[in-house]
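# Summary of the model geometry
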Amino acid sequence: MVLCIAAAPVVFGQGPGKKTLTRPPLDDTKIINSATSFPTATVPQLYGMNRTGAQRFLESLHFRAIFSGVENGVVVAQKPPAGTTVRAGSEVAVILGVLPQVVLTGPAAPAYAGNDLTVTATLVPPIPSEVQVTYYFQWNDGTPSVPTKSAVATHRFTEAAKHLVTVTVVINDRVKVNGRIPIDVVAVPLATVPPLVGLNRSEVEGLLEKLHLRPKFSGSENGIAMAQDPAAGTTVKYGTVIAVTLGVLPRLVLAGPAAPAYAGSDLTFTAELVPPLPAGFQATYSFAWDDGTAAVSTKNAVVTHRFAEAGKHLVSVTAVINDRFKIRGGAAVDVVPVPPSSDTTPSTTAPPETTTTIPTETQPTTTTQPTDTTPTTTTAPTTTVFIPEKPVNPNQNALLLIGVIAIILLLTVVGLLVRVLLKMSRAPSAPAASPLVIKGGPGSVEVEIEHSEQIRKGPSVLVRGGIRPEGDDDA
């Protein structure tokens, strides 16, 4: 194009003249752009076509194909990419090559029956992202093949066997490439669930991983294993999920004996874990007495101890759980002296049963008659009184002794009174005078009895005598 520049001429007149009608000036905005006046078309997807098919397809859409690459290959790339809108008649660069290969990757050995096994199909070299690909996996165990857009598929073989897994990759619904891989499916081995109680989270994970088991945690995030399911010792398959409950360690409470705590007595101490340990935990207790004696280690939470002397002691206990965790507790105990034996000294041996014999003094009983009466002596039998002493409470020994002494004194007094009464009951010596005085004449007899008190006191009175009349005959 040549650009000419000339000086502007001087206007000496105009035409047409004034008041002459002329056309309006041209509006440049109404001029049609020649660049948009041509028809457009969308570049098609050519991946997988051979040279001839790609050329005919582009010509039908008024595109011009520019080929490069392998002469007898298939389209593996193009520019502009598929889906781009360009002017009809534009050029499309087509790159020819070979179809990619399918690399099929199976699960890592061993492949256990009953587990989800993962198989991955990879195209080498990779294809453009806009290319549509469909995968058909065949498992060679009787299950049908299901198309999928994902290059990763999972499958579960029910039985142990050798299987040849294949995949068919369909590209743009026109090109198919295949891949295959053998998989040796074996029976799932068994594992024994270990004891997990008392382990922390990381320890549980490490132990189960070695046994091909999977943990499922619940409870406190930073706690220790307080329970597990299945229980320790259960035989399960590899890959089994083990439920583990995490929690915190309990508190240790030491309960001492009830006051008063006497020196020389067996005092009971009880260690209690709050809350109690669940099943699977084992605890060993170590008691320290703070009196110079050796500590006691036992699996029993209840122990007894005897302090030799009175004093204040701080008894402590340490609980070792599953030979790993230690919990401590303590209790103060005030040991007091033993009270006097008369009050509170316990006696473990009952006194032997004793027999007390109380004799009764025998006094002779004599009755004197006024005339030639033989004294009668009565001897009372000896009476033996048995007083068994029953076992009594140790605290009542003093009272029992006092009671026995009182009884003996009472019996002694009674014996003395009996003796005095017997002496008083004896008859006094008879006077020389005759106890009877007989008065009267031949027609009557009057008898007078003297010493009448003897009759009242004595058991009997014997009267002897006779009447002599004036005559010779006795009456």
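Above this note sits the structure.
Summarised in this report is the structure supplied together with it. All of these numbers come straight from a predicted model, not from anything done at the bench.

All right, on to the packing of aromatic side chains then. Inspection of the entire model under this criterion finds 6 aromatic pairs. Ring centres of Tyr-135 and Phe-137 lie 6.4 Å apart, and the angle between their planes is 20°; on these two criteria the pair is classed as stacked. Residue class for Phe-137 comes out buried when judged on its relative accessible area of 3%. An aromatic cluster is built from Tyr-135, Phe-137, Trp-139 and Phe-157, whose rings are joined through pairwise contacts.

For the rest of this paragraph, the subject is the pairing of strand β11 (residues 152-156). Alternating residues of β11 divide into Ala-153 and His-155, all buried, and Val-152, Thr-154 and Arg-156, none buried. Sheet analysis places strand β8 (residues 116-124) next to β11, joined by 5 bridges and oriented antiparallel. The partner of Asp-116 across the bridge, within β11, is Arg-156.

As a further point, take the pairing of strand β22 (residues 283-288). By the alternation rule, side chains of β22 split into Ala-283, Tyr-285 and Phe-287, which are all buried, and Thr-284, Ser-286 and Ala-288, of which none is buried. Pairing of β22 with strand β25 (residues 311-321) involves 6 bridges; the strand directions are antiparallel. Its bridge partner lying in β25, Ala-288 is registered against Ser-316. With 3 bridges connecting them, β22 and strand β23 (residues 296-298) associate as antiparallel partners. When the bridges of β23 are listed, Tyr-285 appears paired with Thr-298.

Now for the sheet that holds β22. As summarised here, the arrangement of the 5 strands in space is β20-β26-β25-β22-β23, forming an open sheet in which the pairing is mixed. Of all the strands in the sheet, the pair left with one neighbour each is β20 (261-262) and β23.

About the thresholds
Residues numbered from 1 in each chain as written. Predicted model: local features only at pLDDT ≥ 70, side-chain atom pairs only at ≥ 80, totals over all residues. Heavy atoms only, no water. Phe/Tyr/Trp six-rings, centres within 6.5 Å; stacked < 30°, edge-to-face > 60°. Buried < 20%, exposed > 50% of the residue type's maximum accessible area, 1.4 Å probe, protein only. Helix = DSSP H or I, 4+ residues; strand = E, 2+ residues; numbered from the N terminus. Pairing = 2+ DSSP bridges.

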